[in-house]
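# Fold and contact review
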Amino acid sequence: MRLDKYLKVSRIIKRRTVANEACDAGRVIVNGKPARASYDVKVGDVIDLQLGARGIRAKVVSVNEYAKKEDAPAMYEIIAES
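Here is a short report on the structure shown in this document. Only a predicted model underlies this, so the values are computations on that prediction, with no experimental measurement involved. (Residues numbered from 1 in each chain as written. Predicted model: local features only at pLDDT ≥ 70, side-chain atom pairs only at ≥ 80, totals over all residues. Heavy atoms only, no water.)

### So, a positive patch on the surface
Side chains of Lys8, Arg11, Lys14, Arg15 and Lys69 sit close together on the surface and give a patch of like positive charge. Note that lysine 14 resides in the loop between helix 1 (3–9) and helix 2 (16–24). A relative accessible area of 76% means that lysine 14 is categorised as exposed. (Patch = residues over 30% accessible without salt bridge, like charges linked within 9 Å, V, L, I, M, F, W, Y side chains within 5 Å. Areas by Shrake-Rupley, 256 points an atom, 1.4 Å probe, with all protein chains shown as cover. Salt bridge = Lys/Arg side-chain N within 4 Å of Asp/Glu carboxyl O. Lys, Arg positive; Asp, Glu negative; His and termini not counted. Charge placed at Lys NZ, Arg CZ, Asp CG, Glu CD. Helix = DSSP H or I, 4+ residues; strand = E, 2+ residues; numbered from the N terminus. Buried < 20%, exposed > 50% of the residue type's maximum accessible area, 1.4 Å probe, protein only.)

Take a look at the structure:
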């Protein structure tokens, strides 16, 4: 699954266009490298996301095409938050 779609489906970012813009601006890092919106997310990837003053480091636990609001947090595990 594409990185921008994963961020939206997992509800880390509310809109796919915002996720796409964050990737283009270099605010999304996957496994220590800046990632493009088209990056193919895999289980075990570590995503670092910097949005304003808020920073999140999350590990991908599962990749699902669709997730209900209740199930979305189960797609990732928060490692660090700032």
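### With respect to the side chain of aspartate 45
Residue position: aspartate 45 is located in the loop between strand 2 (33–34) and strand 3 (46–51). This buried residue, aspartate 45, is left without a salt bridge; lysine 42 holds the nearest opposite charge, at 4.3 Å. A polar side-chain atom of aspartate 45 sits 2.9 Å from the main-chain amide nitrogen of lysine 42. For aspartate 45, the residues in contact, after removing those within four places along its chain, are Val30, Asn31, Tyr39, Asp40, Ala58, Lys59 and Val60. (Polar contact = N/O pair within 3.5 Å; in protein donor to acceptor, adjacent residues only side chain to side chain. Contact = heavy atoms within 4.5 Å.)

### Topic: the nonpolar core
In this structure, Leu3, Tyr6, Leu7, Val28 and Ile47 are the most contacted members of the largest nonpolar core, which totals 24 residues. Tallying contributions element by element places helix 1 first for this core, with four residues. In this structure leucine 3 touches Cys23, Val28, Val30, Ala35, Arg36, Ala37, Tyr39, Val41 and Ile47, once residues within four positions along its chain are discounted. (Core = buried A, V, L, I, M, F, W, Y, C linked by side-chain atoms within 4.5 Å.)

### A look at the packing of aromatic side chains
Under the counting rule described, the total for this entry stands at zero aromatic pairs. The side chain of lysine 5 reaches across the aromatic face of tyrosine 66, ending 5.8 Å from its centre. (Phe/Tyr/Trp six-rings, centres within 6.5 Å; stacked < 30°, edge-to-face > 60°. Lys NZ or Arg CZ within 6 Å of the ring centre and 35° of its normal.)

### Overview of unusual backbone geometry
The phi torsion at arginine 11 lies on the positive side, around 65°, for a residue other than glycine. Assignment of secondary structure puts arginine 11 in the loop between helix 1 and helix 2. Judged by its relative accessible area of 42%, arginine 11 falls in the partly exposed class. The phi torsion at asparagine 31 lies on the positive side, around 55°, for a residue other than glycine. One can find asparagine 31 in the loop between strand 1 (28–30) and strand 2. The class of asparagine 31 is partly exposed, set by a relative accessible area of 43%.

### Brief notes about the environment of valine 9
For valine 9, the location among the structural elements is in helix 1. A relative accessible area of 9% places valine 9 in the buried class. Spatially, the C-alpha atoms of valine 9 and methionine 75 are 9.0 Å apart, while their sequence positions differ by 66 residues.

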